[in-house]
Every structure is written in structure tokens, then in C-alpha cells.
Amino acid sequence: MRKPVCVTAKGILFDMDGVLVSSIDSVVRSWRRWAALYKLPNAETFEIPHGVRAKDIIKTLLPDVDLNEATRVIEDIEVEDVADLRVLSGVKTLLAGLPLERWAIVTSSTQRLLLARLGAARLPVPERLISGDMVERGKPDPEPYRRGAELLGFRPKECVVVEDAPSGVAAGKAAGCRVLGVLGTHSAEELVEADWVVDSLEGLAVIMGASGLELRFLPVG
């Protein structure tokens, strides 16, 4: 029988796509449209690694292309394609109960895309955020989550990262954070590096105590 887990932390660092909002359909449509524009083979079935910055994907795919222009094109496409975004289970209640100074969003999306998706999902824009265009090195490099912890004023080991993608889990662990994986875009086996994995954020309860946050949840497995 699975046993509930109780974890204490100073702050929480949330990834956005696949954790707070479901944007996978938009991502697939947008990148296949982009792939067709750039004449990639098999554009209609094109797949990208989830949780990685657009510019890093493009650098790998088309090293000789104008990187700034190609990145702007996919950003424009994704910003326009937000009609069917949805908030994931438990997110609105969870965020509404968190003190603003205790959480941040750390995403591979650009800040413009982050704002478009949060707006479409009608979620609050946090006071503190780290987007993919605010860092020199994106996930799986630890820089984004180290920067996120700094924004909150805590050490990485005092923060819990919430992630759905292996690249983000690796970034959180490399930064020195504990990581809570969320199922959805990847399997539990793919998130094996996370400290814990949950089915969704619906079962995550966070209580503000005298010494910080107390996270309670039932891990899978």
C-alpha cells in the first residue's frame, strides 16, 4: 500500500507546460506547421523533445538557419495557437492557496509565450518567473532552477521543483533541488530521476507553517 509523503520546503518552482497547463496539442500543431515552413522531412509527423527551449531545438535541427528568425517564427505560431489550452487538475486551487513570495514559474517557453498561455488559461502571472529567454543555458542545464531559487531568496536545496519532463527533472536535480515529477506528458519510468512522482497536482496539498511550506501527497508506485 502506498503511504502519503510529507515534505518541508521554503519555496516551490513550477514548470508551466505539462504541469500547470496542458499545451501539448498546441505544441504538436505549431511545431509541425513550423517544420513544414522550413521544409523538414516528414513534417506532418514531426515530434520535438518536450521541455526544451525552442532555440535549442532549432540549433540541433538546422544549425545553419538564422536562429533568431526561426525562433521568432515558432514563437509567433505558438502564441497564436492557444485556443484549446486547459488548466490541469488541482492547479487553480493549489496556486490560490500559495503565498506569492513562495513560488515561481521556471519554463523553457519565452516570456511572451508564457504570458500568452497563462492568459489563455486564466491563471495568475507570478511575481517571480524565469523564462527560456532569460537564461543563457536552458534545461537540462541547472541554470534556470538555480535562478528560480535565487528569485525566491532561497537555496536550491530549500526548494521543490515540480516537473513533467525528463529535461526539467534533470535540471532541477543538477541545480540541487528536490524534484516532484507529474505524470502526463511522460511515464513514471521516464521520470525516474525525480525524488517522487504523482499522478497530478490534484492530490498535492501545501500548508504554510511557521518554518515554511509543508507539501503532502501520495506518490505513484
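Quick caveat: nothing in here was measured; it's all calculated off a predicted structure. (Residues numbered from 1 in each chain as written. Predicted model: local features only at pLDDT ≥ 70, side-chain atom pairs only at ≥ 80, totals over all residues. Heavy atoms only, no water.)

Novice: Sorry, what's going on with the overall build of the protein chain here?
Specialist: Assigned secondary structure in the protein chain consists of seven helices and eleven strands. Taking 2.2 N^0.38 as the reference for a compact globule, 221 residues should give roughly 17 Å; the C-alpha atoms of the protein chain span a radius of gyration of 17 Å, in line with that estimate. For the protein chain, the spread of C-alpha atoms along the principal axes amounts to about 55 × 35 × 30 Å. Taking all 221 residues of the protein chain together, 51% fall into the buried category. At a minimum sequence separation of 6, the contacts of the protein chain that also span at least 24 residues come to 63%. As displayed, the protein chain offers around 10400 Å² of accessible surface, 52% of which is attributable to carbon and sulfur atoms. (Helix = DSSP H or I, 4+ residues; strand = E, 2+ residues; numbered from the N terminus. Rg over C-alpha atoms; globule rule 2.2 N^0.38 Å. Buried < 20%, exposed > 50% of the residue type's maximum accessible area, 1.4 Å probe, protein only. Contact = heavy atoms within 4.5 Å. Areas by Shrake-Rupley, 256 points an atom, 1.4 Å probe, with all protein chains shown as cover.)

Novice: Quick question: what am I supposed to make of unusual backbone geometry here?
Specialist: Negative phi values dominate among residues other than glycine, just as trans dominates among peptide bonds. Following K139, the chain continues to P140 via a peptide bond in cis, the omega torsion being 15°. Mapped onto the elements, P140 comes out in the loop between β6 (129-130) and α6 (143-152). Residue K39 is not a glycine yet carries a positive backbone phi of 55°. Tracing the chain through its elements places K39 in the loop between α1 (24-37) and α2 (54-61). By relative accessible area, which is 73% here, K39 ends up exposed. One non-glycine residue, R122, lies in the positive phi region at around 60°. When you line up the elements, R122 lands in the loop between α5 (111-121) and β6.

Novice: Explanation requested: the packing of aromatic side chains in the structure shown.
Specialist: Two numbers describe a pair of aromatic rings. These are the distance of the centres and the angle of the planes. Overall, the coordinates contain five aromatic pairs when judged by the stated rule. Here the aromatic rings of W31 and F46 are separated by 6.4 Å at their centres, their planes lie at 35°, and the arrangement is tilted. Of this pair, W31 sits in helix α1 while F46 sits in the loop between α1 and α2, placing them 15 residues apart in sequence. (Phe/Tyr/Trp six-rings, centres within 6.5 Å; stacked < 30°, edge-to-face > 60°.)

Novice: Just checking my understanding: could you explain the side chain of D164 for this structure?
Specialist: Examined against the element boundaries, D164 turns out to sit in the loop between β7 (159-163) and α7 (166-175). With no salt bridge to any partner, buried D164 finds its closest opposite charge in K139, at an N-O distance of 6.9 Å. Only 3.0 Å separates the side chain of D164 from the side chain of H50, close enough to count as a polar contact. Filtering out sequence-adjacent residues up to four positions away, D164 remains in contact with D15, D17, G18, V19, H50, V182, T185, H186 and L191. (Lys, Arg positive; Asp, Glu negative; His and termini not counted. Salt bridge = Lys/Arg side-chain N within 4 Å of Asp/Glu carboxyl O. Polar contact = N/O pair within 3.5 Å; in protein donor to acceptor, adjacent residues only side chain to side chain.)

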